[in-house]
Amino acid sequence: MTELTVTTTSVASLPAEWAVIGVAPGAEGPVPVPGPGTSGSFDDGIPRLLAGLGATGAPGETVALPAPAGIGPGLVLAVGLGPADEPGGYDPEVMRRAAGVATRTLSGADTVALALPARTTEAVEAVALGALLGTYAFTAYRTAAQRAPVRTVTMVVDPGRLTPAQAAVGRALVLGREVNRARDLVNTPANDLYPESFATTVAAAGREHGLAVDVLDEDALAAGGYGGILGVGQGSVRPPRLVRIAHTHPGATTSLAFVGKGITYDSGGISLKPVGANEIMKRDMAGAAAVFAAVLAAARLGLRVDVTGWLALAENMPSGSALRPGDVLRMYGGRTVEVLNTDAEGRLVLADALVRAGEERPDAIVDVATLTAATRFGLGDHVFAVMAADDAFRDRVLAAAGEAGERAWPMPLPPELRRSLDSRVADIANHGERMGGGLVAGLFLREFVPAGVPWAHLDIAGPAFNEGEPHGCTPSGGTGCAVRTLVRLAENAAAGEDPARRIPATAAATDGRAGER
Ligand code: BES
Ligand code: MN
Ligand code: ZN
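Residues numbered from 1 in each chain as written. Chains lettered and ligands numbered in written order. Predicted model: local features only at pLDDT ≥ 70, side-chain atom pairs only at ≥ 80, totals over all residues. Heavy atoms only, no water.

Looking at an unreviewed UniProt entry, the chain carries the name Probable cytosol aminopeptidase, with the source organism given as Streptomyces leeuwenhoekii. According to its UniProt record, the chain has this under Subcellular location (unreviewed entry): "Cytoplasm". (UniProt positions renumbered as here; feature names shortened; annotations may be inferred.)

**Q** So what exactly am I meant to see when it comes to the overall build of the chain here?
**A** A tally of regular secondary structure across the chain gives 14 helices and 20 strands. Against the 2.2 N^0.38 benchmark of 24 Å for 517 residues, the chain shows a C-alpha radius of gyration of 24 Å, consistent with a compact globule. Its C-alpha atoms put the chain at 80 × 70 × 45 Å along the principal axes. Across the 517 residues that make up the chain, the buried fraction comes to 56%. Of all intrachain contacts in the chain linking residues separated by at least 6 positions in sequence, the fraction that spans at least 24 positions is 77%. Taking the average place of the 44 positive charges on the side chains of the chain and the average place of its 56 negative ones, the gap between the two points comes to 1 Å. (Helix = DSSP H or I, 4+ residues; strand = E, 2+ residues; numbered from the N terminus. Rg over C-alpha atoms; globule rule 2.2 N^0.38 Å. Buried < 20%, exposed > 50% of the residue type's maximum accessible area, 1.4 Å probe, protein only. Contact = heavy atoms within 4.5 Å. Lys, Arg positive; Asp, Glu negative; His and termini not counted. Charge placed at Lys NZ, Arg CZ, Asp CG, Glu CD.)

**Q** Even after reading the chapter, I still don't get the coordination of the zinc ion (ligand 3), so can you show me in this structure?
**A** Put simply, a metal with four donors set out as a tetrahedron has ideal angles of 109.5 degrees, and one with six donors set out as an octahedron has ideal angles of 90 or 180 degrees. On the protein side, the zinc ion (ligand 3) has Lys261 (NZ), Asp266 (OD), Asp284 (OD) and Glu345 (OE) as donor atoms, found 2.0 to 2.4 Å from it. Seen from the zinc ion (ligand 3), its six donor atoms lie at angles of 78 to 173°, and the figure they make is octahedral. Counting gaps between the donor residues of the zinc ion (ligand 3) yields the pattern K-x4-D-x17-D-x60-E. Taken as a pair, the zinc ion (ligand 3) and the manganese ion (ligand 2) show a spacing of 3.2 Å, with Asp266 coordinating each metal. Residue Asp284 is found in the loop between strand 10 (255-266) and helix 8 (286-300), and its partner Glu345 is found in the loop between strand 13 (336-338) and helix 9 (346-359); the two are separated by 61 residues along the sequence. With a relative accessible area of 1%, Glu345 lands in the buried category. (Donors = N, O, S within 2.8 Å, 3.2 Å for Na, K, Ca; no water. Tetrahedral: all angles 85-135°; square planar, octahedral: opposite > 155°, others 65-115°.)

**Q** In this structure, what is going on with the domain arrangement of the chain? I would like to understand it.
**A** Reports of interface size often rely on the accessible area that becomes lost once the parts have come together. Along its sequence, the chain is organised into domain 1 (3-156) and domain 2 (208-516). Each of domain 1 and domain 2 has a C-alpha centre, and these two points are 37 Å apart. Summed over both sides, the interface of domain 1 with domain 2 buries roughly 770 Å², with 57% coming from carbon and sulfur. Interface area lost by domain 1 to domain 2 is led by Arg97, Arg104 and Leu133, which between them contribute 52%. In this structure, the connection of domain 1 to domain 2 is made through zero salt bridges. Our count for the domain 1 to domain 2 interface comes out at one residue pair in polar contact (both at pLDDT 80 or more). Looking at the side of domain 1 that touches domain 2, the elements with two or more residues in it are helix 2 (92-105) and helix 3 (121-134). Counting residues per element, the side of domain 1 that touches domain 2 draws most heavily on helix 2, which supplies six residues. In the side of domain 1 that touches domain 2, the residues fall into four nonpolar, three polar and four charged. (Domains from an automatic or database assignment. Buried area = accessible area lost by both parts, 1.4 Å probe. Salt bridge = Lys/Arg side-chain N within 4 Å of Asp/Glu carboxyl O. Polar contact = N/O pair within 3.5 Å; in protein donor to acceptor, adjacent residues only side chain to side chain. Nonpolar A, V, L, I, M, F, W, Y, C, P; charged D, E, K, R; others polar.)

**Q** Would you explain helix 8 in this entry?
**A** Owing to its 3.6 residues per turn, the α-helix brings residues three or four apart onto one side. In this model, helix 8 (15 residues) spans 21 Å end to end at C-alpha, consistent with the 21 Å of a helix rising 1.5 Å per residue. Within helix 8, 14 of the 15 residues are buried, which leaves the element mostly enclosed by the surrounding structure. Two residues or fewer past helix 8, Gly302 is found with a positive phi of approximately 65°. (Expected span 1.5 Å × (residues − 1).)

**Q** Please clarify how the layout of surface pockets should be interpreted in this entry.
**A** Sizing a probe to match a water molecule and rolling it over the atoms shows the empty space that remains. Counted as a void, the largest pocket has a volume near 830 Å³. Around the largest pocket sit 30 residues that line it, and Lys273, Asp343, Thr372, Ala373 and Ala374 are the ones nearest its centre. Residue assignment for the lining of the largest pocket shows that the elements contributing at least two residues are strand 10, helix 10 (373-379) and helix 12 (437-446). Among the elements that line the lining of the largest pocket, the one with the most residues is helix 10, at four residues. Across the lining of the largest pocket, the residue classes tally to 11 nonpolar, eight polar and 11 charged. (1 Å grid on protein atoms, 1.4 Å probe; cavity = no way out; pocket = protein on both sides within 12 Å on 5 of 7 lines; lining within 4 Å. Points joined across faces, edges and corners; volume = space filled by probe spheres on them.)

**Q** Just to check I follow, could you spell out the coordination of the manganese ion (ligand 2) for this structure?
**A** Note on the manganese ion (ligand 2): its protein donors are Asp266 (OD), Asp343 (O), Asp343 (OD) and Glu345 (OE). The metal-donor distances range over 2.0 to 2.2 Å. Taken together, the six donor atoms surrounding the manganese ion (ligand 2) define angles of 71 to 169° at the centre, an arrangement classified as irregular. Site description for the manganese ion (ligand 2): donor spacing in sequence, D-x76-D-x1-E.

**Q** What is the right way to read the site of ligand 1 from this model?
**A** Near ligand 1 you find 15 residues, and of these Lys273, Asp284, Asp343, Glu345 and Ala373 are the closest. Thr370 is positioned such that a nitrogen or oxygen atom in its backbone is 3.4 Å from a nitrogen atom of ligand 1. Protein contacts shield 85% of the accessible area of ligand 1, which totals 520 Å² for the unbound molecule. For the shell around ligand 1, the residue count by class is four nonpolar, four polar and seven charged. (Near = heavy atom within 4 Å. Areas by Shrake-Rupley, 256 points an atom, 1.4 Å probe, with all protein chains shown as cover.)

Here's what the structure looks like:
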């Protein structure tokens, strides 16, 4: 694992192999953007060299060049930042991506000094987090030697900012490690990650970090009447689990419940998926992975809020014992569901977990799920959907995503679509109108949320997994989507934010009203 340290020493005097600097497009070609501790070091000859090497300063671009004489690091990696969007400097997301691109490009290097222009504590944290996310590589199943992640990253910060920078880097270390933990789980193939092994992993992490973990196995699920989780899992030789992992704080005044879809493999069941759709389905536990990682992060950050994670784990397989289309399940809490399509399994396991989570009367519930292809078609692979029973909480979740640097977009729950889930034999069917299928799924889940508890549903079917090339601080494969948003929500709750209260229209409007009084 990459080590990350902070220094106020100028980059020219650091004993690193590489110095990473930011480059912006200038009127006469690319220009190095001064960062903390770079003063004068990269002025001589570097702009000409950059131009000669074809650099433009565009975001994501990297150019390697020899360092000017007298500089500690012998090599320079110039990372394009694009034009600064504000006079005060770059958006944290630009910094995060630049740092991620740098550490990914330099994998195999021993020591890297980051001299990106992080001029605020927020930017320092962004660079630290981006650097850690960029080091991620999933090599557990490679037998041939791979390029190792950068061993040590040293961040250069302004002397006046050392103490807040160290705190920001501490937070980034937790977030980076936990996002990478979620990525590892998503990337682990379903022959090794199945409900029981996932539950064992959670229990071990709970022991390590002092969190309470309770695991319901198939017998406990049967005794408790968890028909949704049991039904989805009954076709697999690997039995299902419901895992509860809780972070509690003695001073907490708010409690959040996070509920994750943990289908360790989704074949579709008897409503079998075709080739092309089934080889990508080890990712179907990404919601549970995000919930697990977020609860751990909340604990490791010592957040003054209670956060309970619920992981609904099952493998959806076709077999002689599998759920049949037409079967009726009796869910946890007693309601019945007619299963018209066994491939709409996520909502079945989530329904049980939502009802169970709701029994503890948390102040808000957020579920996270790779739930529908429809949402993936709608929003693509870079943006996740947020649906909610009330707009106030939905906006809180969207704001948290924005603050955390994740891209989310609101989707509605049109009441007209609810009727399509009416069943001829049971309380509700698991499959309805195909048009707006992601919204129909959200409407199904809503039925299982206790009245009066703010609830939001995150459909991460697209952005949970990157089938393409790495970009910014996003690797190929599991992305760790939603971990940062959930942690931010928990931080906001710890800071006294009431999930149920509407966000004031704008700070200016609030000020204006204050002025009237
Ligand atoms: N896990 C899938 C959704 C999915 C698709 C996630 C692609 C990631 C990438 C989910 O269980 C599913 O099969 N959904 C069906 C629901 C339908 C049968 C109502 C879908 O979206 O097609
Ligand atoms: Mn499915
Ligand atoms: Zn699924």
